[in-house]
Amino acid sequence: MDRRINPFNELYVSETIRSTDFVRIFSPLVVDSAASLFLPGNVVLQGVQGSGKSMLLSLLRPEVRAAYLDAHVDFPLQGKSASFIGAGINLTHSRVIDFGQRPLPRGRGTDAEVLPIYFGDFVNYWIVYDLFKSLELLSRAPEGIPQNVRPNLSADLMADAAARIVRADCWFGYVAETPTWDGLKNRIAERIGSYLSFFNFNSDSIPDSISNSKTSIGEPISLVAEVLRQVGIIGEDVHVFVQIDQYEELLRLEGRYKELGVHYRAVINRALGLRDPRVSYRIGTRRYGWTESQLERDRDYKLIDLDQTLRRSENRKTWLFPRFAEDVLRKRLQVADYDIEASERPLTAVFGRGYDPKQKALRYAGSARTRAVRVEPQWPLGWCHFLSELAETDPLSARLAESWARQKGKESIMKQGAHEDAPWNKDYWRKERVEHALMQIASRCGQRMIWSGTDEILGLSGGNILIFVSICQHIWNAWIRAVRPAVSAPDRKVPQIDDSIQAVGVHEASTHWHRKVTEQNGGSSRQRFLTVVARTLEKRLLGDLPLSYPGNNGFSVAVDDLDADQEVSAFLDQAASFGDLFDSPHTTKEKDRKERRKWYLNPILCPYFNLPHIRTKEPFYVDTPTVREWMMEAEILLETPGRPRRPNEPKISATDISRQPTLFDEPATSND
Amino acid sequence: MTSTKLPFEERLMAWMADANCGQEIQDVNSQISQLEAELFNEYEPTRGLQPLFRDRLHRWIENVADPADQQALLRLVPHLFFIGPREFEVLYRTAFQTTCVTWLIDQLGLSLEDPLAAEKLRQASTECWFCPISDSMRINAFYHLNHLSGRDLRPDWRSLRAFGSEQKIIDHTAKEGIKYVVLLEDFVGTGSQMRDAVEFAAAVFPTLPILVVPLVLCPVGEQTSMQISTRFPNIQITPVLRLHEVALIEPVPNTGESQVVSDVRRIALAMYGSLAVEDQKSVYSAFGFNETGSLVVLYTNCPDNTLPLVHHQCPSWNALFPRASRL
């Protein structure tokens, strides 16, 4: 094996990888948490970039199913959950969003009226064609596919189905002349080809035969599904799942076509709103892409929020992500030919437990350990000597002892002769302050904070599998650079990567993700905002010598305040929906018991900003004018006052705040 | 399997852990890794049984003992202008499609409105003789990339000057119907090599239009070019890429130059001072031939106009890009 190859070079497991590779590296551990994705009914699968949406949706692809059979690996779905045939469209790859990039010849209706209908028509034809392809692929799939799922594509059934399909009104006569299976397929392909030819300026206009036979979204798809069951090509109990991936791309349409995105989304939403039992839709979208609509959750569709599923909750025991990440790591190492069978816990085998806090403090302090503590001139000499001596062996405890003495009402500790009881070592008190103390020790000793070990890597991943794989990738690269493994090694044992190498990889990964913030719509503004917030929080944490506010690596705002300042509220929502900030409700300990929300930086950004990633105790309480000041400092807002929202005034959505002005636009809300 | 870290990498990690410079060193290291993968491994003189780039980097940085100087050398690496094979391909194409074609249009006095302009231009290009000035210019690749044909002989004019017969050259051009001569060179530092060859060409063809195309030209070479053009009206010298002074590390500091440039200048002087006399002679000065101070590294070789601390290999100094010297 070549140890110089990084097993994590390929970050994404989505529709772009080969089906055979998918089988080798897909982890089925999240399948149970997304069970409704494989049962009838419309589903919106939502998550930030890298949360695993496309990976899950890939299970619906017939070629992936066939690849499992070819590889003699159990398909991750069994029983009722496996009783489906999938077809679909990727809104980017299919080029459907190109509608509107070329003006239509003048005819009936304005572009805004007509283009969404063409858009829906293209989606219909694409999906029907894809469904035909799925049927043919599954009919040829190797032995092992459930009998009810394998389509019966006998000549007479295909002929019967084609004859019934072409007779239906929903086509407006376009396929009437092609009453055979192949003829129908070719006619559909011809229509898709005509559209693509028009997009590429290879034809002057959309043919009349198309413009006079535009279909309504969903109708041809439902019809075909119904006919397939009627004639017996698929069983009555086989569901037709239609996936529509990269829905969020409709938000990224530029310039004057931007408003078309709203219409296109309405077209897709209409398909869901039909609640047609013959077909179930699966929408894959990033979190910011799914906004309020006329649809009703749990009635028109079920929502699966992968971020919520995989991010850590209060109860670590029920946290799925560590097992998921471990399985992903195991599979990647297996594919790279490492001997993983021998290690039951590959995460620990590779990354170990990391530095314990005491070791970390010793590492920060280096050879001049007394730098970890600072004493005041008025403090008793004995106490100062004690702190210095303690710092020589245990700088962390010395720093905690220093902070104990700085806390209100605890100064008497300095006058006590012996410190065997060491109150700063009490579990509850110490645990909440360790990260804060370590941050200050690192700063006092001129060191960057370091992260290593299984728990910290999982914590920094923030429940996002792409971030986890990216951290692994950077750590592995750092390991290859640092130890220069032999090209060919008979030893297939997984390496245990030194903590100092992991620390380098983590910082590199963090820098990478910090830069990635700007890749998304409105990302430059958010990156500036993150810098302002991080610097503010860092200053507070470093200046808090008694370690009284160790939770100030996040901030909290009262919900009433947010309601009164929609610009601030929308901006914070947007930052959370892009995954730059993590938000959650905050149960305040203040007397007023006001409802609050709290925000923390995405943990992977913490190494870049030199902030602890662990959340503990109370965040920094701020009001909306303070957040507004941060936004002004980040040059997101130019004016100070936030106007309360008037009754019945629509709320600014997270997507509106990032709306970028264009040459032909009306002035926009953001100056990004 | 244990992870035994290489000593240099361990030192690099310690720098990356530093709160003041850690992020910058990490960024520089990432850039170097990227450049290594994309470009530096293309360096021809170190192909075969030579240390890998990363090993050469370790040894090169350890030429100096002071950690601050070591960091300065590390910071210098992303500033090196490494021209790899793909960059050369672009230079070859631009040299023909832009520089030569524009010159031919001028020579022919072509009007864009002339319906026969394209045909006349195509004809003129077949009447050109594209030759290298020295053997470092890969004229074969230039012909291939620009789909040029019809010239069997493409001698380098430095060799012609040494061994060629002027009359045979004149006879050859007459026989081949050559009306234009284009002389190309991959890198021109001071222009001294170019001057000899071009003056020889001017002597052979006192009236034939001659275009000289340095693919990369240093500022001092530009002065030489102007002198030649002034002396010989039938010669035009047009580089594809002109280097600006800020891309050099010259003996005299430029106003507003970055800290890394100042640091490297100091290290270059100290390094030169510590060299044996023969080594000092072979590298001409602390800033290379004629004190050019170039930071250019070609994938084919490192020019002697580049700082010797980059390319000089001797018992007391390990090169980052060891130069394959003619002598």
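Every value quoted in this text rests on a predicted model; they were computed, and no experiment measured them. (Residues numbered from 1 in each chain as written. Chains lettered and ligands numbered in written order. Predicted model: local features only at pLDDT ≥ 70, side-chain atom pairs only at ≥ 80, totals over all residues.)

A. The arrangement of the overall build of chain B in detail. Tallying secondary structure elements over chain B gives 14 helices and seven strands in all. When contacts within chain B are restricted to residue pairs at least 6 apart in sequence, long-range pairs at least 24 apart make up 67% of them. (Helix = DSSP H or I, 4+ residues; strand = E, 2+ residues; numbered from the N terminus. Contact = placed C-beta atoms within 7 Å.)

B. Inspection of the overall build of chain A at higher detail. Counting its regular elements, chain A contains 24 helices and nine strands. What you see for chain A is a C-alpha radius of gyration of 29 Å, in line with the 26 Å of a compact globule of 672 residues. In chain A, the proportion of contacts linking residues at least 24 apart, taken out of those at least 6 apart, comes to 75%. (Rg over C-alpha atoms; globule rule 2.2 N^0.38 Å.)

C. Spatial organisation of the nonpolar core. Core analysis: the largest hydrophobic core is formed by 274 residues, its most contacted members being Ile 441 of chain A together with Val 182, Leu 183, Leu 184, Ala 201 and Ala 268 of chain B. Among residues more than four places away in sequence, those in contact with Ala 201 of chain B are Trp 157, Val 181, Leu 183 and Ile 210 of chain B. (Core = buried A, V, L, I, M, F, W, Y, C linked by C-beta atoms within 7 Å. Buried ≥ 20, exposed ≤ 12 C-beta atoms within 10 Å, placed from the backbone.)

D. A look at the environment of Thr 207 of chain B. Residue and element names in this part refer to chain B. Tracing the backbone shows Thr 207 in the loop between α10 (192–204) and β4 (210–217). Taking the C-beta count within 10 Å as the criterion, Thr 207 has 8 such neighbours and is therefore assigned exposed. Taking the C-alpha atoms as reference, Thr 207 lies 9.1 Å from Phe 232; in sequence the two are 25 residues apart.

E. Expanded view of the pairing of strand β8 (residues 596–601) of chain A. All names here are of chain A. Judged by how many residues are buried, β8 sits mostly within the fold: six of six residues are covered. Neither face of β8 is left uncovered, since the one carrying Arg 596, Lys 598 and Tyr 600 and the one carrying Arg 597, Trp 599 and Leu 601 both have all their residues buried. Relative to β8, strand β6 (residues 554–558) runs antiparallel, the two sharing five bridges. Looking at the pairing, Val 557 lines up with Arg 597 of β8. Bridge count between strand β7 (residues 581–586) and β8: six bridges; the pairing is antiparallel. When the bridges of β8 are listed, Ser 584 appears paired with Lys 598. (Pairing = 2+ DSSP bridges.)

F. View of the domain arrangement of chain A. All names here are of chain A. Domain annotation for chain A reports domain 1 (31–310), domain 2 (318–353 + 451–518), domain 3 (357–444) and domain 4 (520–658). Taken together, the contact between domain 3 and domain 4 spans 11 residues of the former and 11 residues of the latter. Put simply, the parts of the chain that give the side of domain 3 that touches domain 4 at least two residues each are α15 (395–406) and α16 (427–444). With eight residues, the top contributor of residues to the side of domain 3 that touches domain 4 is α16. In terms of residue class, the side of domain 3 that touches domain 4 is built from two nonpolar, five polar and four charged. (Domains from an automatic or database assignment. Nonpolar A, V, L, I, M, F, W, Y, C, P; charged D, E, K, R; others polar.)

G. View of the sheet that holds strand β1 (residues 43–46) of chain A. Residues and elements named next belong to chain A. Taken together, five strands build an open sheet; the order of strands is β2-β3-β4-β1-β5 and the sheet is parallel. Taken across any chain shown, the strands that pair with only one partner, and hence form the sheet edges, are β2 (84–90) and β5 (302–305). Across the sheet, the mean angle separating the axes of adjacent strands is 20° when strand polarity is ignored. Direction of pairing for strand β3 (residues 239–245) relative to strand β4 (residues 280–285): parallel, over a ladder of five bridges. Opposite Phe 241, over in β4, you have Ser 280 as the bridge partner. Sheet contacts for helix α4 (residues 111–139): β2 and β3; angle to β2, the most-contacted strand, approximately 140°. (Axes fitted to C-alpha atoms, helices over the stretch in contact; angles between N-to-C directions.)

H. Summary view of the interface of chain A and chain B. Residue-level contacts link 22 residues of chain A with 16 residues of chain B. Where the side of chain A that touches chain B is concerned, the elements lending two or more residues are α18 (465–483) and α19 (499–516) of chain A. It is α19 of chain A that provides the largest number of residues to the side of chain A that touches chain B, a total of six residues.

I. Quick peek at the packing of helix α17 (residues 454–461) of chain A against α18 of chain A. Residues and elements named next belong to chain A. It is at 8 Å that the axes of α17 and α18 come closest, and there the two elements cross at 135°. Accordingly, the angle class assigned to the pair α17 and α18 is oblique. Considering only the axes of α17 and α18, their crossing is right-handed. In this structure, α17 contributes Ile 457, Leu 460 and Ser 461 to the contact, and α18 contributes Ile 467, Phe 468 and Ile 471. Residue composition of the contact of α17 with α18, by class: five nonpolar, one polar and no charged. (Parallel < 35°, antiparallel > 145°, perpendicular 65-115°, else oblique. Left-handed = near helix turned anticlockwise from the far one by under 90°.)

J. Region of the structure containing unusual backbone geometry. Residue and element names in this part refer to chain A. Backbone geometry at Phe 201 places phi at a positive 60°, although glycine is not the residue there. One can find Phe 201 in the loop between α6 (181–199) and α7 (208–211). The residue Arg 275 is not glycine, and still its phi comes out positive at about 45°. By the element assignment, Arg 275 lies in the loop between α9 (258–273) and β4.

K. Up close: helix α2 (residues 22–38) of chain B. Residue and element names in this part refer to chain B. Compared with an ideal rise of 1.5 Å per residue, which puts 17 residues at 24 Å, α2 spans 24 Å between its outermost C-alpha atoms and is within 8% of the ideal. Along α2, the residues classified as buried are Gly 22, Ile 25, Gln 26, Val 28, Asn 29 and Ile 32. End-on, the buried residues of α2 take up no more than an arc of 165°, which puts them together on one face. Along α2, exposed side chains directed more than 90 degrees from the buried face belong to Gln 34 and Glu 38. (Expected span 1.5 Å × (residues − 1). Arc of directions from axis to C-beta.)

L. Inspection of the sheet that holds strand β9 (residues 620–621) of chain A at higher detail. All names here are of chain A. If you walk across this open sheet you meet the four strands as β7-β8-β6-β9, and the pairing is mixed. Of all the strands in the sheet, the pair left with one neighbour each is β7 and β9. Along the sheet face, helix α22 (residues 566–577) touches β7 and β8 and points at about 115° away from the line of β7.

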